[in-house]
Amino acid sequence: MTTATRDKSLVQRALSGHAAIGLIAGALIYLIAVTGTLVVVLEQWQRWEQPDIAESAGLTPQAAQASIPNVRAQEADMTPTAHLYIRMPNAALPRPVVTTDNKAWYIDGEGRIAGREGHSWTEMVAALHYNLTLPVIWGMILVGALGVALAALLVTGVVAHPKIFKDAFRLRARAEPQLARTDWHNRLGVWTLPFTLMVTLTGAFIGLSYTSVGTLAQSYTGGAMDPVYATIFGAEPEHDPAPAPMANIARAMETVAARFPDAEPTYIVVHDPMTQGQFVQVIAEHPRQLIYGEVYSFDGAGSYLGKVGLSDGALGRQAAASTYNLHFGNYAGLPVQLAYIAFGIALCVITATGTTMWLRKRRRKGHDIARMAAAWAMTVWGIPLVLVLVAALRFAGGPDMPVVAAFWGLLGAGLIAAAAWPALFSDAAMRRVLGIAMIAGALLHLVWFGGGAPGVVAMNLAILATGAVIWRPGLRTAGVAAPRTGRPETA
Amino acid sequence: MIAAPLLLILVAVALVRAGWGRDRRLSHGGWALGVGALIWCALLDGAWGVAVGATLGVAAAMAIVLFVAATAPARRSPQRAGAPRSDRMATLSTRPADLALGRRLAVFALTVPVSFLAAQWFAFACNAAMKGDAPLEANSVATMFMVQPLVWAGLMTWQLCQRGPAEMIRPPLLVAAIGALIWIFA
């Protein structure tokens, strides 16, 4: 066998493998890519979902301390919480939030209750990305496995296209639709490759870490997972349930401000509040580091106990703590977040065009692809459309609406309808409906809430602009998703 | 000051574009400049600097690609254009249905559960080799976290470039065997 023949067969095999993974995992990868793109600005979505909450740019240690009895009074008839989290306000979400095991409450700058945190739509979007709304551990493992599949898709894609780098700047966007689609798929694929590989492998790391923790726990700690996690994220002290006054979190915050002036607290965590064994952790971001934060620990009196060492400890700790921000793009402010959104959209286009190209190929071979094409159009445009519809449901019915059930129910019904009546679910019709729904949704939001903070207005403007681009009335498009008709091609 | 290497990254991407398909020296110079600028970012701000620099580089390249798309000429008439170039497109085998289904199930079993287990075993062996007889600690645990998906993705890629299920058995077996050797000598 000559080298050329061998190379050619390798290319063909890689292409076949590329197609196989894409067909098996494409729809779920697309769902994770869409929601991942949204999750980059998760806090902005939370603010958008509840734009009428009083905001405060900062929270003093005294106000943080004062918020605890206020929240406890609010939850007087509920089971006492074993954990208490105070989320510090920042530019993206200028609202402190106190979360207990029961509920979460926005507080104002004085520590008074400002409203219930009810961002069920934002939480659903995040859960779709993290664990596909499945039980957390199994869902995260599945998402991690899909990350591995995406990594294999990326590498087989490069192997399958020997000229992919040679043609790296060739994009015939206005050529024959299939050619244009192929160019979009390959060019965006090659230039976002470093980002996509990084994001998919960090995502796989996060999701599949559960399997490694489980293996290590079974092998070394009698099945207990906490000691395994403690090697990286630090251990909790012995629990002592004897009653005690509330922990002095104000002193802990003041100590961090005095001893680590560059650190910016993001969360205050109280474990086993109002017990002798309670202890406080202040999680603080370090500028120009990828870690999500360093964890500073304090006893109930607010005396400093030490830090975990995520910022300067063992390399494994630093690396593990860096994967989250690297994955979500939360390490250099809005510019990097916008870049991540652009790359996320590119991944959506790559995924959508990949299956569309395969469908087109089948059509050229004479297969009737009408139902599959309609189902794929429903997947590509229908997933964001269903997200818009579920957002409308949440605004109309409040935060307790069953948004997760509504999402899967609407998506499932849409897919069934697409298979039953494919003519109604053409690519053009679906994208038009999505574009109009986004524009209408943003306008309704603006009218309903009367604009709101600049950040909320910016989100609505972004939705409007995106909706207009997707709708693109009057413009011919190459068609990112399904082929326009399901009839077999005669060419 | 990270602004300087970031600026160099923009220049590097512009050079790569300018030399692409024309002057290789220009293109290679752009790549070299980009790598040098990323090293400068690393020296200034460590991993954070590399992440920011790489993000900027990818964003700049994507912006150029979008510009190319926006300025692409309209398609030629079908007569002049002739048949579209035969784009490489994915196909799956067209074997008889029952044979194809069995083959696909075998491929799935080999690339998902079998390779997952091989990668998990390999990562576990790496953990054991790193920690030796000592208790679990951060470096060996984090290494296991990272090695598992990397090896699994590598295995899946390797397997899917094989001719058929029979050839797909070898990669996970080999990785598992290497894992066993590491375990024995750990």
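Residue numbering note: each chain is counted from 1, following its sequence as written. Here every chain gets a letter starting at A, and every ligand a number starting at 1, in the order they are written. Predicted model: local features are reported for residues with pLDDT of at least 70 only, side-chain atom pairs are reported and counted for 80 or more only, and whole-chain, interface and lining totals are derived from all residues.

Visitor: Please set out the overall build of chain A residue by residue, giving values where relevant.
Guide: The secondary structure listing takes helices from DSSP runs of H or I that are at least 4 residues long and strands from runs of E that are at least 2 residues long, numbered from the N terminus. If you tally the helices and strands in chain A, you get 15 helices and eight strands. Here the globule rule reads 2.2 Å times residues to the power 0.38, and the radius of gyration is calculated from C-alpha atoms. Its C-alpha radius of gyration of 25 Å places chain A within 12% of the 23 Å reference for a compact globule of 491 residues. Principal-axis analysis of the C-alpha atoms places the extent of chain A at approximately 80 × 60 × 35 Å. Whether a residue is buried, exposed or partly exposed follows from its count of other C-beta atoms within 10 Å of its own C-beta, namely 20 or more, 12 or fewer, or something in between, respectively; the C-beta atoms are built from the backbone. Taking all 491 residues of chain A together, 50% fall into the buried category. Here contacts are defined at the residue level, using C-beta atoms placed from the backbone and a cut-off of 7 Å between them. Expressed as a percentage of contacts within chain A between residues at least 6 apart in sequence, the contacts between residues at least 24 apart total 69%.

Visitor: Go over the overall build of chain B, please, and point to the residues and values.
Guide: Of regular secondary structure, chain B possesses seven helices and zero strands. Secondary structure elements of chain B occur, N-terminal to C-terminal, as α-α-α-α-α-α-α. Once local pairs closer than 6 in sequence are excluded, the contacts in chain B between residues at least 24 apart make up 59%.

Visitor: Mind laying out the pairing of strand E7 (residues 294-299) of chain A, listing which residues take part and the relevant values?
Guide: Residues and elements named next belong to chain A. Extensive coverage of E7 is indicated by the burial of five of its six residues. In this description, strands pair whenever DSSP reports at least two bridges between them. The pairing of strand E6 (residues 279-285) with E7 spans six bridges and is antiparallel. Within E7, the residue paired with Val280 across the bridge is Phe298. Pairing of E7 with strand E8 (residues 304-307), which is carried by three bridges, proceeds in the antiparallel orientation. Counterpart to Phe298 in the pairing with E8 is Tyr304. Linkage of E7 to E8, two consecutive antiparallel strands, is achieved through a turn of four residues, within which Gly302 is found at a positive phi near 90°.

Visitor: Explain the domain arrangement of chain B to me, using residue names and the numbers behind them.
Guide: The split into domains, and so the bounds of each, comes from an automatic or database assignment of domains. We note that the domain assignment places domain 1 (3-70) and domain 2 (97-185) within chain B. Each of domain 1 of chain B and domain 2 of chain B has a C-alpha centre, and these two points are 35 Å apart.

Visitor: If you had to explain helix H3 (residues 61-74) of chain A to someone new, which residues and values would you point to?
Guide: All names here are of chain A. Taking 1.5 Å of rise per residue, 14 residues should cover 20 Å, and H3 covers 20 Å from first to last C-alpha, within 8% of that figure. Within the span of H3, buried status applies to Pro61, Ala64, Gln65, Ser67, Ile68 and Val71. Taken together, the buried residues of H3 touch strand E1 (83-87), strand E2 (97-100), strand E3 (104-107), helix H9 (249-259) and strand E5 (264-271). Multiply 1.5 Å by the residue count of a helix minus one, and that product is the helix's expected span.

Visitor: Quick rundown of the domain arrangement of chain A? Include the residues and the values.
Guide: By a widespread convention, an interface's size corresponds to the accessible area lost as its parts come together. Residue and element names in this part refer to chain A. Along its sequence, chain A is organised into domain 1 (3-47 + 123-202 + 330-471) and domain 2 (54-117 + 235-307). On a C-alpha basis, the centres of domain 1 and domain 2 stand 37 Å from each other. Tallying the contact residues gives six residues for domain 1 and four residues for domain 2. Looking at the side of domain 1 that touches domain 2 residue by residue, the classes come out as two nonpolar, two polar and two charged. Classification convention: Asp, Glu, Lys, Arg as charged; Ala, Val, Leu, Ile, Met, Phe, Trp, Tyr, Cys, Pro as nonpolar; all other residues, Gly among them, as polar.

Visitor: Describe the interface of chain A and chain B, and please don't skip the residues or the numbers.
Guide: At the interface, 74 residues of chain A touch 55 residues of chain B. Those elements that place two or more of their residues in the side of chain A that touches chain B are helix H1 (3-39), helix H5 (136-160), helix H6 (177-191), helix H7 (193-220), helix H8 (226-233), helix H10 (315-328) and helix H11 (333-364) of chain A. If you tally residues by element for the side of chain A that touches chain B, the top one is H7(A), at twelve residues. Here the residues of the side of chain A that touches chain B sort into 46 nonpolar, 20 polar and eight charged.

Visitor: Account for H10(A), naming residues and giving values.
Guide: Note: α-helices contain 3.6 residues per turn, so residues at a spacing of three or four share the same orientation. Residue and element names in this part refer to chain A. Here H10 spans 21 Å end to end across 14 residues, near enough to the 20 Å set by a 1.5 Å rise per residue. When the local axis directions of H10 are compared, the greatest deviation, roughly 30°, occurs at Ser322. Burial analysis of H10 places twelve of its 14 residues in the buried class, which makes it a mostly covered element. For H10, the set of buried residues is Gly316, Arg317, Gln318, Ala319, Ala320, Ala321, Ser322, Thr323, Asn325, Leu326, His327 and Phe328. After H10 finishes, the residue Gly329 shows a positive phi value of roughly 75°. One axis fitted to the seven residues ending at a residue, another fitted to the seven starting there: the angle between these axes is the bend at that residue.

Visitor: Quick one: what's the story with the sheet that holds E7(A), residue by residue and with numbers?
Guide: By way of backbone hydrogen bonds, the strands of a sheet pair with one another, either parallel or antiparallel. Residue and element names in this part refer to chain A. With respect to topology, eight strands assemble into an open sheet ordered E4-E3-E2-E1-E5-E6-E7-E8, the strand pairing being antiparallel. Two strands in the sheet have a free side with no partner beyond their single neighbour: strand E4 (113-116) and E8. Across this sheet, the average inter-strand angle for adjacent strands is 20°, counted without regard to direction. Lines fitted to the C-alpha atoms define the axes, with helices restricted to the stretch that makes contact. Angles between their N-to-C directions range from 0 to 180 degrees. Here H9 sits on the sheet and contacts E5, E6, E7 and E8; the angle it forms with E6, its principal contact strand, is near 35°.

Visitor: Any details on the pairing of E4(A)? Residues and values, ideally.
Guide: Residues and elements named next belong to chain A. Where E3 meets E4, three bridges bridge the pair, whose relative direction is antiparallel. Across the sheet, the residue bridging to Trp105 is Arg116, located in E4. Where E3 hands over to E4, the hairpin turn is made up of five residues, of which Gly111 adopts a positive phi near 90°.

Visitor: So what's going on with the nonpolar core? Which residues, and what values?
Guide: Buried Ala, Val, Leu, Ile, Met, Phe, Trp, Tyr and Cys residues form a nonpolar core when they are connected through C-beta atoms within 7 Å. Residues A:Ala152, A:Ala377 and B:Phe122 are the most contacted members of the largest nonpolar core, which totals 192 residues. Considering each element in turn, this core owes the most residues, 16 residues, to helix H12 (residues 370-397) of chain A.

Visitor: Explain the environment of A:Trp184 residue by residue, including any values.
Guide: Residue and element names in this part refer to chain A. With respect to the helices and strands, the residue Trp184 is situated in helix H6. By the C-beta count within 10 Å, which is 23 here, Trp184 ends up buried. Apart from residues lying up to four places away in sequence, Trp184 is in contact with Leu171, Val349 and Thr353.

Visitor: Got a sec to walk through unusual backbone geometry? Specific residues and values, please.
Guide: All names here are of chain A. The residue Met274 is not glycine, and still its phi comes out positive at about 60°. Met274 sits in the partly exposed class, given 18 other C-beta atoms within 10 Å. Unlike most non-glycine residues, Arg288 shows phi in positive territory, near 60°.

Visitor: How would you summarise the packing of H10(A) against helix H5 (residues 138-160) of chain B if you had to cite specific residues and measurements?
Guide: Running from amino to carboxyl end, H10(A) crosses H5(B) at an angle of 40°, the nearest separation of the two axes being 7 Å. When the interaxial angle is binned, H10(A) and H5(B) end up oblique. Like other packed secondary-structure pairs, H10(A) and H5(B) cross with a definite hand, here left-handed. Here A:Leu315, A:Gly316, A:Arg317, A:Ala319 and A:Ala320 of H10(A) lie close against H5(B), whose contacting residues are B:Ala138, B:Asn139, B:Val141, B:Ala142, B:Thr143 and B:Phe145. Each residue belonging to the contact of H10(A) with H5(B) can be placed in one class, and the counts come to seven nonpolar, three polar and one charged. Roughly parallel covers angles under 35 degrees, roughly antiparallel covers those over 145, roughly perpendicular covers 65 to 115, and oblique covers all other angles. Crossing handedness is read from the near helix: turned anticlockwise from the far helix by less than a right angle, it gives a left-handed crossing, and turned clockwise, a right-handed one.

Visitor: Go over the packing of H7(A) against H10(A), please, and point to the residues and values.
Guide: Residues and elements named next belong to chain A. Packing of H7 against H10 brings their axes to within 9 Å, and their N-to-C directions diverge by 135°. Here H7 lies oblique to H10, going by the angle between them. Between H7 and H10 lies a crossing whose hand is left-handed. Contacts between H7 and H10 involve Met198, Val199, Thr202, Gly203, Phe205 and Ile206 from the first element and Thr323, Tyr324, Leu326 and His327 from the second.

Visitor: Kindly report on the confidence of the model for chain B, identifying the contributing residues and their values.
Guide: Residues and elements named next belong to chain B. Residues at a pLDDT of 70 or more form 87% of chain B, whose mean pLDDT is 89. The predictor reports its confidence for every residue as pLDDT, a score running from 0 up to 100. Within the model, the stretch residues 77-89 combines pLDDT values under 50 with 14 contacts to residues more than four positions away or in other chains. Both confidence scores are given for the complex: pTM 0.92, ipTM 0.91.

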